[in-house]
Amino acid sequence: MHHRSSVPLLAAAALVFLPVKADSPLRGFTSQSSTIERELETKFRAIPDPSRLRAMDSLLSAFPHHVGTPRDSANAAWIAKQFKAYGWEASIERFDVLFPTPKERHVELVAPTHFVAQLREPAVPGDPTSAQQDQQLPTYNAYSGDGDVTAPIVYVNYGVPADYDELARHGIDVKGKIVIARYGGSWRGIKPKVAAEHGAVGCLIYSDPRQDGYAEGAVFPKGPMRPPEGVQRGSVMDMPVYPGDPLTPGVGATKNAKRLDRAHAKTIMTIPVLPLSYADAQPLLEALEGPVVPGDWRGGLPITYRFGGSGPARVHLVVKSDWSLHPLFDVIAHLPGTTEADQWIVRGNHHDAWVNGAEDPISGLVAELEEARAMGQLYKDGWRPKRTIVYAAWDGEEPAMLGSTEWAEQHADELKQHAVAYINTDGNGRGYLGIAGSHSLERFIDDVARDVTDPETGLSVWKRRQARTILDGDADDRKTARAGGDLPIGALGSGSDYTPFLQHLGIASLALGYGGEDDGGVYHSVYDDFYWYTHFSDTAFVYGKALAQTVGTAVLRLANADLLPFRFENLATTVKQYVKELEDLRNRRADEIAERNTQIKEGIFKATSDPRNPTFAPDAKDPAPHLNFAPLLNAVDSLTAAAKRYEQAYENWHADSAPDVDLVAINRRLLQSERLLTDEAGLPKRPWYQHLLYAPGFYTGYGVKTMPGVREAIEQGEWEEIDPEVNRLANVLNAEAKAVGEVAESLGGRA
């Protein structure tokens, strides 16, 4: 990805001005309460200070602070102290989690030539914290299996299931071999997972300069991209099964929690895995023989990319870890509510990092602290929120969303009863506002974006999103953007702390952050530090201020609204689109299976019995059956009708401001609306994930699969799973429609 000039975006924005009146009522507020709220928000947005953001980022990223280190604990204590100074109630909750750290790492090319990988990132002159090598966590992949293996090596591109199809076309088998995959194409944990399923005994993951190195721009320290020795650390836990502490699935990892034996933890990788820089990877790739790989498998190194596997190239890989429990420290702060104090607005950003983490996560955390300071000032000046506001600084996000997951599991019953919404950030950059989350909050967050000013253009951040959508969106999104309608938000997969709230507990969630004009190659490396951030990202911290203004405004509106600002027409429209995608997917899969059967018949392929390979499923030789989507289509119709009735009722309420409507009772029902989209039985093969609309893909990791039970059954040819999943999904949509219709009636809607 490269930097995109903002000039054409501004030109596009100038063509489409559909202003929103500053005095127009806010969603969920009466005309009178809207005026009060807007005055409050104006005061709030004037408080966040870029100089304070810069100072806090410098302080909190001054030293490495991964889970279990003294600096991690010290940062948590400092953060808690700040919340208290701002006037919040604050405490630290400790959990004890399995967090492996490396004792031995070794990668050696033993034939046909000899090379020993450095497995380290050198200090960069002028970048002071890059030299803190005695405190830095070594380059490794957390939750890799232990192992000492020597085997032939095979290049597998991104290492996703489709890449193994390509290997099969060339007659290449990875069984008993070490695979080398490049970062990208999926979440990193998918690569060893799929490799192990195909019989590989080890996995190396390297950063190819095509993705984030010199092919994309000048490398650090001259530019923002990954230098030759830069390494992406990261977890390879099988988080699509469940995140959090692998020994305590479903329950908080308190000191006395009942724990699984490590051998029984399903999410720990079974083969050894290590990350490499492209400097360390190049000699291994150069040693490979065999056919040249397809064009889209070729990276940016000045070599001929080959598959390997059949030549003399052999690698010795060693990974041995310390599998100790480590303490983590979640900072939890409260501003108590008044009339609806038993309803909670929860907001979080993590504070731990793989190394110094000036961008990931500290740039997002300092915005959260500035929000808290601003709200604390308003509180001291006499403002009181209707609902209780809960701010969290999570620990242990980097290894596996440890802190947020354990806290959410420990407090699951309370959260299910009280939580209205969860808002997440995870670092911040420069550019456009990115939004993903629950589609019942789409209109709400769209309105928030209209009221925050972009620091570079002077337009609203909504206007910048609109311009970008007009240039880069699909046809439907461009049409909506040109008309000034709600800009679509993405669905949430995984990869950050919203996961336990949305996908396990069914709490409506949003993930926000700025970026797109500060591409870099220092992710999860020692070079993600204050020097890099202040030279190549949000150098003046003006987008940190914008993030604080954006998230803080959203929190204030949720906390103060008379009527919780959900809008179900956006949800119904999105769900209808997901069903169409399923129908299209079924047709594509039928065509793929027919083509594959022809190829098998012609001897191009041999049928395989691997049940976990989506393309080579054992029954792929059978034609795709007719699928009955009628229950789902009927449920979508019901939800669409109920959403329309609710919107009519909302307009009636807003026009009348009817005093006899019990808003407190209605809000209690509204906060449960996202819960109705969950099923306690969870998804097939991974019951921890209970949301039936959004989940990380079983073979994509971070990438979302919408309507995952049905979608993945179609993708993997598990035809017998589809009807039950269609019916389960239809049931939750019907339950949602019924509840929305009942709330509409309570609000004064017409039956």
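About the criteria used
Residues numbered from 1 in each chain as written. Predicted model: local features only at pLDDT ≥ 70, side-chain atom pairs only at ≥ 80, totals over all residues. Heavy atoms only, no water. Pairing = 2+ DSSP bridges. Helix = DSSP H or I, 4+ residues; strand = E, 2+ residues; numbered from the N terminus. Axes fitted to C-alpha atoms, helices over the stretch in contact; angles between N-to-C directions. Contact = heavy atoms within 4.5 Å. Parallel < 35°, antiparallel > 145°, perpendicular 65-115°, else oblique. Left-handed = near helix turned anticlockwise from the far one by under 90°. Nonpolar A, V, L, I, M, F, W, Y, C, P; charged D, E, K, R; others polar. Salt bridge = Lys/Arg side-chain N within 4 Å of Asp/Glu carboxyl O. Buried < 20%, exposed > 50% of the residue type's maximum accessible area, 1.4 Å probe, protein only. Phe/Tyr/Trp six-rings, centres within 6.5 Å; stacked < 30°, edge-to-face > 60°. pLDDT = per-residue confidence, 0-100. Polar contact = N/O pair within 3.5 Å; in protein donor to acceptor, adjacent residues only side chain to side chain.

### Here's the deal with the sheet that holds strand 15 (residues 431–437)
Pairing in this open sheet of 7 strands is mixed, and the strands run 1-11-13-12-14-16-15 from one edge to the other. What marks the edges here is a single partner per strand, and that holds for strand 1 (89–98) and strand 15. The mean angle between the axes of side-by-side strands here comes to 20 degrees, regardless of whether they run parallel or antiparallel. Of the pairings in the sheet, the one linking strand 1 to strand 11 (residues 325–335) comprises 10 bridges and is antiparallel in character. The residue bridging E89 from the neighbouring strand is H334, located in strand 11. The strands touched by helix 4 (residues 70–85) within the sheet are strand 1, strand 11 and strand 13 (387–394), with strand 11 carrying the most contacts at an inclination of about 10 degrees.

### What about the sheet that holds strand 6 (residues 178–182)?
One open sheet holds the 7 strands; their spatial order is 3-2-10-5-6-7-9, and the pairing between them is mixed. Where the open sheet ends on each side, the last strands, each with one partner, are strand 3 (115–116) and strand 9 (273–276). For strand 7 (residues 202–206) and strand 9, the ladder comprises 4 bridges, and the chain directions are parallel. Across the sheet, L204 pairs through a bridge with L274, a residue of strand 9. Against the sheet, helix 6 (residues 190–197) touches strand 6, strand 7 and strand 9, its axis set at about 150 degrees to strand 7.

### Re the packing of helix 2 (residues 31–45) against helix 18 (residues 542–560)
Where helix 2 contacts helix 18, the axes come no closer than 10 Å and their chain directions differ by 150 degrees. The orientation of helix 2 relative to helix 18 falls into the category roughly antiparallel. Like other packed secondary-structure pairs, helix 2 and helix 18 cross with a definite hand, here right-handed. Counting all contacts with helix 2, which are made through E37, R38, L40, E41, F44 and R45, the residues of helix 18 involved are K545, A548, Q549, G552, T553, L556, R557 and N560. When grouped by side-chain class, the residues that make up the contact of helix 2 with helix 18 number 4 nonpolar, 4 polar and 6 charged.

### Focus: the pattern of salt bridges
Under the defined criterion, the tally for this structure stands at 36 salt bridges. Here D451 and R38 are joined by a salt bridge, their closest N and O atoms 3.2 Å apart. Taken together, the residues span a long stretch of sequence, with D451 in the loop between helix 13 (442–450) and helix 14 (461–472) and R38 in helix 2 at a distance of 413 residues. Close ionic contact of D679 with R728 constitutes a salt bridge, the shortest N to O distance being 3.1 Å. Remark: R728 occurs in helix 23 (residues 719–746) and D679 occurs in the loop between helix 21 (663–670) and strand 17 (694–696); sequence separation between them is 49 residues. A relative accessible area of 15% means that R728 is categorised as buried. Among the charged side chains, a network of salt bridges with common partners joins R27, R443, D486, R567, E569 and E647.

### As for the packing of helix 21 against helix 23
A pair of packed helices is captured by two measures, namely the crossing angle of their axes and the spacing between those axes. Their axes nearest at 10 Å, the elements helix 21 and helix 23 cross at an angle of 170 degrees. Put simply, helix 21 runs roughly antiparallel to helix 23. Two secondary-structure elements touch here, helix 21 through I666, R669 and L670 and helix 23 through A739, E742, V743 and S746. When the residues that make up the contact of helix 21 with helix 23 are grouped by side-chain class, the tally is 4 nonpolar, 1 polar and 2 charged.

### Quick look at the packing of aromatic side chains
Enumeration over the complete set of coordinates arrives at 25 aromatic pairs. Judged by centre distance (4.1 Å) and plane angle (10 degrees), the rings of Y422 and F501 are stacked. Of this pair, Y422 sits in strand 14 (residues 419–424) while F501 sits in helix 16 (residues 499–504), placing them 79 residues apart in sequence. Each member of the pair, Y422 as well as F501, is classed as buried.

### Considering the environment of Y278
Checked against the element boundaries, Y278 lands in helix 8 (residues 278–286). Judged by its relative accessible area of 2%, Y278 is buried. Put simply, Y278 and D208 are 70 residues apart on the chain and 5.7 Å apart in space, counted from C-alpha to C-alpha. With residues near it in sequence (within four places) discarded, Y278 still touches Y206, S207, P209, G213, Y214, V219, R226, P227, P228 and L301.

### Things to note about the confidence of the model for the protein chain
In the predicted model, the protein chain carries a mean pLDDT of 92, and the fraction of residues at 70 or more is 92%. Throughout residues 1–21 the model reports pLDDT below 50, and contacts reaching past four residues in sequence, or to other chains, amount to 40 contacts.

### So, the side chain of T388
As for its position among the elements, T388 is in strand 13. Overall, T388 belongs to the buried group, its relative accessible area being 9%. Once you skip the residues sitting within four places of it in the chain, T388 turns out to touch H334, L335, P336, G337, E340, A341, Q343, W344 and I345.

### Comments concerning the environment of E715
Relative to the elements of secondary structure, E715 occurs in helix 22 (residues 708–715). Distance in space between the C-alpha atoms of E715 and R586 is 8.1 Å, their sequence separation being 129 residues. At 2.8 Å, the side chain of E715 forms a polar contact with the side chain of K705.

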